[in-house]
Each structure stands twice: as structure tokens, then as C-alpha cells.
Amino acid sequence: HTSCLCLKNIILVKTNLPIFKLKESAVRRRYSDLEWLRSELESESKVVVPPLPGKVFLHQLPFRGDGGIFDDNFSEERKQGLEQFINKAAGHPLAQNERCLHMFLQDEIINKSYTPSTIRHP
């Protein structure tokens, strides 16, 4: 079982699956990193991954009549959407074998020029 939490730009991961090298990790990620992961999973593993929540940009527009990116509802919905995306990807048996997911969840820096491959079960 693998669970992921999003706290600001930090993703906390706890897992008991032997395929992951670390049982707990915390990595800093940007929205563009999530977009990269989604694209890699779809192209390399053929896993159908859920959509990402929308970009913050639309909530930064002036004269919206709400708190925009500072609105509590927006922040919580976005956090839940990001967690749902990451947890579905991390929980998918085919995605768990993809090097891109391992880099995303556990490597401090994502090497986006990596050679796609699968992780071997220990």
C-alpha cells in the first residue's frame, strides 16, 4: 500500500511496497512536474491516469469576486485533486513499475532526460 499527501509544494510518501527503494520520502514538486509525470505515464506505460486539477492561472485573474488562489475552497479542492491524482498513479500496478513514477515520488531532483524503463521487482 502506498499513500501520498500534498502539503504546499511537498509530496509526502509512505509505502510498504518492496518495489520502492524508500519506505518514506518527502519531495518538492511543481505543477509542471505533475504534468510531466502524467505525460510520461500515459506514453510509457499506457496507464490511463486521471486528469490533473486546473492550473492556478485562472484563479489569479482580477475581478473574480472570490478569493482566487487564496480562497479556502479552491485551495482544499486543488489539494484533494492533486492527492487523488498522485495516489491513483502510485496505486496502479503498471505505473508502480515505471521509473518516472519512482523518480517523481522519491528522487530529490527529477531527471527529465532519463531513459524510460521499468523497475524490476526485488
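Just so you know, these numbers come straight off a predicted model, no measurement behind them. (Residues numbered from 1 in each chain as written. Predicted model: local features only at pLDDT ≥ 70, side-chain atom pairs only at ≥ 80, totals over all residues. Heavy atoms only, no water.)

With respect to the sheet that holds strand S3 (residues 24-28)
- On the basis of which strands lie adjacent, the open sheet formed by three strands has the order S1-S2-S3 and antiparallel pairing. Unpaired on one side and paired on the other, strand S1 (2-7) and S3 mark the two borders of the sheet. Direction aside, the axes of adjacent strands within the sheet are offset by 15° on average.
- By the bridge criterion, five bridges tie strand S2 (residues 10-15) to S3 in an arrangement that is antiparallel. Looking at S3, one finds that Lys14 is bridged to Glu24. (Pairing = 2+ DSSP bridges. Helix = DSSP H or I, 4+ residues; strand = E, 2+ residues; numbered from the N terminus. Axes fitted to C-alpha atoms, helices over the stretch in contact; angles between N-to-C directions.)

Notes on helix H1 (residues 31-44)
- With 14 residues, H1 extends 20 Å from end C-alpha to end C-alpha; this agrees with the ideal 20 Å at 1.5 Å per step.
- What H1 keeps buried is the set Tyr31, Asp33, Leu34, Trp36, Leu37, Glu40 and Leu41.
- A positive phi of about 65° marks Lys46, the residue just after H1. (Expected span 1.5 Å × (residues − 1). Buried < 20%, exposed > 50% of the residue type's maximum accessible area, 1.4 Å probe, protein only.)

Topic: the pattern of salt bridges
- On inspection of all chains with the given rule, the structure shows four salt bridges.
- Linking Asp107 and Lys21 is a salt bridge whose minimum nitrogen-to-oxygen distance equals 3.0 Å. In this pair, Asp107 sits in the segment after helix H3 (99-106) while Lys21 sits in the loop between S2 and S3, placing the two residues 86 residues apart along the sequence.
- Residue Glu83 pairs with Lys79 through a salt bridge whose shortest N-O separation is 3.0 Å. Here Glu83 pairs with Lys79, and both are found in helix H2 (residues 72-91), just four residues apart, close to one helical turn.
- Owing to a relative accessible area of 13%, Glu83 belongs among the buried residues under this scheme. (Salt bridge = Lys/Arg side-chain N within 4 Å of Asp/Glu carboxyl O.)

Brief notes about the packing of H1 against H3
- Running from N to C, H1 and H3 point in directions that differ by 160°, and their axes come no closer than 9 Å. By the criterion of interaxial angle, the relationship of H1 to H3 is roughly antiparallel. Like other packed secondary-structure pairs, H1 and H3 cross with a definite hand, here left-handed. Taken together, the residues of H3 that come into contact with H1 (itself represented by Asp33, Leu34, Trp36, Leu37, Glu40 and Leu41) are Cys100, Leu101, Met103 and Phe104.
- For the contact of H1 with H3, the class distribution of residues is eight nonpolar, no polar and two charged. (Parallel < 35°, antiparallel > 145°, perpendicular 65-115°, else oblique. Left-handed = near helix turned anticlockwise from the far one by under 90°. Contact = heavy atoms within 4.5 Å. Nonpolar A, V, L, I, M, F, W, Y, C, P; charged D, E, K, R; others polar.)

Describing H3
- Burial runs high along H3: seven of the eight residues are buried.
- Along H3, the positions that sit buried rather than exposed are Cys100, Leu101, His102, Met103, Phe104, Leu105 and Gln106.

Details of the nonpolar core
- Ranked by internal contacts, the top residues of the largest apolar core, which has 29 residues, are Ile11, Leu34, Leu37, Ile86, Phe104 and Leu105.
- Going through the elements one at a time, S1, S2, H1, H2 and H3 are the ones with two or more residues in this core.
- Residues in contact with Ile86, not counting those within four places in the same chain, are Cys4, Cys6, Ile11, Leu34, Phe104 and Leu105. (Core = buried A, V, L, I, M, F, W, Y, C linked by side-chain atoms within 4.5 Å.)

What to know about the side chain of His102
- Along the chain, the position of His102 falls in helix H3.
- Residue classification places His102 among the buried positions, given a relative accessible area of 9%.
- With near-sequence residues (within four places) excluded, His102 lies in contact with Ile19, Phe20, Gln96, Asp107 and Ile119.

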